[in-house]
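# Architecture and fold: a report
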Amino acid sequence: MFNDIGALELVALVVLAVLVFGPDKLPKVIQDVSGFIRKIRDFSENAKQDIRSELGPEFKDFEFEDLNPKTFIRKQLTENEDLKELRSSFDLKKEINDVADAVNGHEPDASVPAVVNGAHGGTDLLKKGDGPGHGERPPFDADAT
């Protein structure tokens, strides 16, 4: 709760509390504040238990931290077995090269593995395409004009 408060700041808070409440009332104020915090914690724990009991036995491991979208997405991405299987079976480089071959009008060759850097005969997606030769006009694209 107070992870980012340094020693000097803590001393300043204690001195301020002594000045505001006085040395004779300070123990009673600290006791009241700690009791109030304890009541809030008990209330929140009881509310969590009530919600878990109302949801049923299939939600007994339910954690309210999972309702945070960032935590929920991280948990789903790391624990979902179907997603892990899909991620391992998907070859992004091959898919990009297949799309590039289709756009360029080349027939994909199943015997030659397509590689992004073009080292094994695949389309080189990182290298600029050859422009039209001297005296040639670039291809006309009706959709671009």
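All figures in this text were calculated on a predicted structure; none of them were measured in a lab. (Residues numbered from 1 in each chain as written. Predicted model: local features only at pLDDT ≥ 70, side-chain atom pairs only at ≥ 80, totals over all residues. Heavy atoms only, no water.)

## Focus: the overall build of the protein
Within the protein, the regular secondary structure consists of 5 helices and 0 strands. Starting at the N terminus and walking to the C terminus, you meet the elements of the protein as α-α-α-α-α. By the burial criterion, 9% of the 145 residues in the protein qualify as buried. Of the roughly 13000 Å² of accessible surface on the protein, 60% is carried by carbon and sulfur atoms. (Helix = DSSP H or I, 4+ residues; strand = E, 2+ residues; numbered from the N terminus. Buried < 20%, exposed > 50% of the residue type's maximum accessible area, 1.4 Å probe, protein only. Areas by Shrake-Rupley, 256 points an atom, 1.4 Å probe, with all protein chains shown as cover.)

## Observations concerning helix α5 (residues 92–104)
The first and last C-alpha atoms of α5 sit 18 Å apart over 13 residues, in line with the 18 Å expected at 1.5 Å per residue. Among all positions in α5, only Asn97, Ala100 and Asp101 are buried. For α5, the angular spread of the buried residues around the axis is 100°, confining them to a single face. Facing away from the buried side of α5 by more than 90 degrees, the exposed set consists of Leu92, Val99, Ala102 and Val103. With its phi angle positive at about 85°, Gly105 sits one or two positions after the end of α5. (Expected span 1.5 Å × (residues − 1). Arc of directions from axis to C-beta.)

## Topic: the pattern of salt bridges
The tally for this structure, following the rule as stated, stands at 3 salt bridges. Residue Lys28 is joined to Asp32 by a salt bridge in which the shortest nitrogen-to-oxygen separation is 3.2 Å. One end of the pair is Lys28 and the other is Asp32, both in helix α2 (residues 26–55) and 4 residues apart, which spans about a single turn. Here Lys28 falls in the partly exposed class, since its relative accessible area comes to 49%. Among the salt bridges present, the one from Lys94 reaches Asp98, with a minimum N-O distance of 3.0 Å. Here Asp98 and Lys94 lie together in helix α5, a separation of 4 residues that amounts to about one turn. Note on Asp98: relative accessible area 26%, which makes it partly exposed. (Salt bridge = Lys/Arg side-chain N within 4 Å of Asp/Glu carboxyl O.)

## Remarks on helix α1 (residues 7–21)
With 15 residues, α1 should cover 21 Å at 1.5 Å per step; its first-to-last C-alpha distance of 21 Å lies within 8% of that length. A positive backbone phi angle near 85° is found at Gly22, which sits one or two residues after α1.

## What about the side chain of Arg52?
Tracing the backbone through its elements, the reader meets Arg52 in helix α2. Beyond its immediate sequence surroundings of up to four residues, Arg52 is in contact with Phe59, Lys60, Phe62, Glu63 and Phe64. (Contact = heavy atoms within 4.5 Å.)

## As for a nonpolar patch on the surface
Nonpolar side chains collect at one region of the surface, where Leu10, Leu13, Val14, Leu16, Val18, Val20 and Phe21 lie side by side and expose about 620 Å² of accessible area between them. Structurally, Val18 is set in helix α1. (Patch = residues over 30% accessible without salt bridge, like charges linked within 9 Å, V, L, I, M, F, W, Y side chains within 5 Å.)

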